[in-house]
Amino acid sequence: MGPPTALFPVVFTKSTHNLNIIQRSLRDTSAVKTPSITAIVIEDEPEIADLIRFHLEREGIATTIAHSGQRGLELVTSTVPSLVVLDLMLPDLNGLQVCQRVRANAATAQTPIIMVTAKGSESDIIAGLEAGADDYVTKPFSPKVLVARVRTTLRRLQLAATGADKADRRELIGGRLVIDTARHVVLGDGVPVDLTITEFRLLNFLAQRPGFVRTRDQIISAVHGQNTRLSTRTVDVHVTALRMKLRDLQSAIETIRGVGYRFSEVGSVEATVVDG
Ligand code: CA
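Reading guide: rules and limits
Within any chain, residue numbers begin from 1 and follow the written order of that chain's sequence. For this predicted model, a pLDDT threshold of at least 70 governs which residues receive local features, and a threshold of 80 or more governs which side-chain atom pairs are given and counted, while totals over whole chains, interfaces and linings are taken from all residues. Numbering of helices and strands runs from the N terminus; a helix is a DSSP stretch of H or I covering at least four residues, while a strand is a stretch of E covering at least two. To assign burial, the other C-beta atoms lying within 10 Å of each residue's own C-beta are counted, with C-beta atoms placed from the backbone; 20 or more indicates buried, 12 or fewer indicates exposed, and intermediate counts indicate partly exposed. Working definition of a contact: two residues with C-beta atoms, positioned from the backbone, lying within 7 Å. For every residue, the predictor reports its confidence as pLDDT, a number between 0 and 100. A pair of strands is considered paired only if DSSP assigns at least 2 bridges between the two. For helices, the fitted axis covers only the stretch in contact; all axes are lines through C-alpha atoms, and the angles between them, taken along N-to-C directions, range from 0 to 180 degrees. Structurally, a nonpolar core is described as a collection of buried Ala, Val, Leu, Ile, Met, Phe, Trp, Tyr and Cys residues joined by way of C-beta atoms within 7 Å. We call two directions roughly parallel when the angle between them is under 35 degrees, roughly antiparallel when it is over 145, roughly perpendicular when it lies between 65 and 115, and oblique otherwise. Each crossing is labelled by how the near helix is turned from the far one, with a counterclockwise turn of less than a right angle marking it left-handed and a clockwise turn marking it right-handed. Residues are grouped as follows: nonpolar covers Ala, Val, Leu, Ile, Met, Phe, Trp, Tyr, Cys and Pro; charged covers Asp, Glu, Lys and Arg; every other residue, Gly included, is treated as polar.

Undergrad: Before we go on, may I ask you to explain the overall build of the chain in this structure?
TA: A tally of helices and strands in the chain yields ten helices and twelve strands. Counting the 276 residues in the chain, one finds 30% classified as buried. Restricting the contact set of the chain to residue pairs at least 6 apart, pairs at least 24 apart contribute 59%.

Structure follows, in structure tokens:
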């Protein structure tokens with residue numbers, strides 16, 4: 001046993017060692033496919049529910065199935081999962097009712113919901129998005145598409161957790177598009193893009209959630225300002241103007257026919273689909 005001062009290097013080394021272990025285990029955790037992520041699939045058709053569970057679990061997402069709206073709502077409320085996959089046509093409570101109740105409960109108000117709807121029913125999709133669903137897939141759907149939507153949703157959660165989505169300056173499409181909300185400046189390939197206030201708000205609103213569809217009504221309420229009154233038709237006009245100003249980047253604003261618009265970071269979104 002040496003003099004007391006000799007303890008310091010030992011203690012220091014030990015704590016550094018522990019820190020290394022913690023850092024390594026954090027790295028290991030992030031390398032593993034999201035082990036603590038949970039999903040509840042609310043779907044009354046057993047084959048579809050099993051298919052969804054199979055693909056989510058392959059992503060490392062612990063998945064529980066509920067075959068009715070009421071049961072699903074109970075499970076979501078009691079377990080607060082990372083994510084909900086919600087069919088619209090369900091016995092007892094339908095998907096819209098489930099969605100509204102999940103949103104109305106403070107504990108689950110932020111829980112991401114991906115809705116599953118019948119193909120071609122735009123009015124259902126709009127109703128679902130406006131009831132608070134974050135995204136949707138249409139039946140029959142490709143599991144790859146569903147997994148891509150789930151990943152996008154979870155990535156958004158990670159961004160929200162790190163506060164990156166609240167940053168004043170957002171870089172999108174691999175840095176080709178920069179939105180600086182503090183200065184109200186947009187750069188496209190490094191060149192300032194001269195936008196009206198409405199166009200700026202519109203772009204910023206869509207770009208807050210790349211890969212997610214926004215309905216025209218959602219755009220109207222988000223973009224609405226003191227001197228702007230938008231109608232569904234004028235949303236389209238502003239989108240057209242915005243696209244022209246974005247020039248080479250205009251394909252980032254996608255039209256989702258009958259539903260609304262989506263900001264797409266083409267490169268990154270496609271890449272996640274391909275490796276699924
Ligand atoms: Ca159903």
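There is more to say after this.
Undergrad: Help me understand the confidence of the model for the chain, please; the structure alone is not making it clear to me.
TA: Scored by pLDDT, the chain comes out at a mean of 81, with 78% of its residues at no less than 70. Confidence over residues 1-35 falls short of pLDDT 50; this stretch has seven contacts with residues more than four positions distant or in other chains. For residues 267-276, every residue scores under 50 in pLDDT, and the model assigns this stretch twelve contacts once sequence neighbours within four places are set aside.

Undergrad: Explanation requested: the pairing of strand β8 (residues 185-188) in the structure shown.
TA: Sheet faces and side chains relate simply in a regular strand, where the side chains alternate between the two faces. Bridge analysis of strand β7 (residues 177-180) against β8 gives four bridges, and the strand direction is antiparallel. From the neighbouring strand, D180 faces β8, where its bridge partner is V185. Linking β7 back to β8 in an antiparallel pair, the connection comprises four residues, with H184 at a positive phi of about 60°. In the sheet, β8 pairs with strand β9 (residues 191-192) via two bridges, with the strands oriented antiparallel. Paired with G188 across the two strands is V191, which belongs to β9. Between β8 and β9, which follow one another and run antiparallel, lie two residues, and D189 among them has a positive phi close to 50°.

Undergrad: What's the story with the sheet that holds strand β11 (residues 253-256) in this structure? I'm lost.
TA: Sheets are built from strands that pair by backbone hydrogen bonding, the pairs being arranged parallel or antiparallel. Taking strand neighbours across the sheet as the criterion, the three strands line up as β10-β12-β11 in an open arrangement whose pairing is antiparallel. Strands at the two margins of the open sheet, each flanked by one partner only, are β10 (213-215) and β11. Put simply, the sheet's adjacent strands are angled 30° from each other on average, direction ignored. Bridging between β11 and strand β12 (residues 260-263) involves four bridges; their strand directions are antiparallel. Across the sheet, the residue bridging to E254 is R262, located in β12.

Undergrad: Please explain the nonpolar core as it appears in this structure.
TA: Most often, soluble globular proteins have nonpolar side chains that are buried together. Counting residues in each nonpolar core, the largest one holds 38 residues, and the members touching the most others are V84, V85 and L86. Residues within four places of L86 in sequence aside, it is in contact with I42, G95, V98, C99, I113, M115 and V116. Counting residues in each nonpolar core, the second largest holds 19 residues, with I173, I179, L206 and I219 among its members.

Undergrad: What's the story with unusual backbone geometry in this structure? I'm lost.
TA: Most peptide bonds take the trans configuration, and most residues that are not glycine carry a negative phi. Omega for the peptide link from K139 to P140 comes to -5°, which places this bond in the cis form. Structurally, P140 is set in the loop between β5 (135-139) and α6 (143-162). Although it is not a glycine, H184 adopts a positive phi angle of roughly 60°. Overall, the presence of 12 C-beta atoms within 10 Å leaves H184 in the exposed class. Here D189, not a glycine, exhibits a phi torsion of approximately 50°, which is positive. Within the element layout of this structure, D189 appears in the loop between β8 and β9. With 14 C-beta atoms counted inside 10 Å, the residue D189 sits in the partly exposed group.

Undergrad: Teacher, can you tell me more about the environment of T138 here?
TA: Secondary-structure assignment places T138 in strand β5. Classification of T138 as partly exposed rests on a count of 16 C-beta atoms within 10 Å. Spatially, the C-alpha atom of T138 lies 5.7 Å from that of V116, the residues being 22 residues apart in sequence.

Undergrad: I tried to follow the packing of helix α3 (residues 69-79) against helix α4 (residues 95-104) on my own but got confused; where do I start?
TA: Each pair of packed helices can be described by the angle between their axes along with the distance between the axes. Relative to each other, α3 and α4 sit at 20°, their axes nearing to 10 Å. Classed by the angle they form, the pair α3 and α4 counts as roughly parallel. Classified by chirality, the crossing of α4 by α3 is right-handed. The segment α3 lies against α4, with G69, G72, L73 and V76 engaging G95, Q97, V98, R101 and V102. Grouping the amino acids of the contact of α3 with α4 by side-chain chemistry returns four nonpolar, four polar and one charged.

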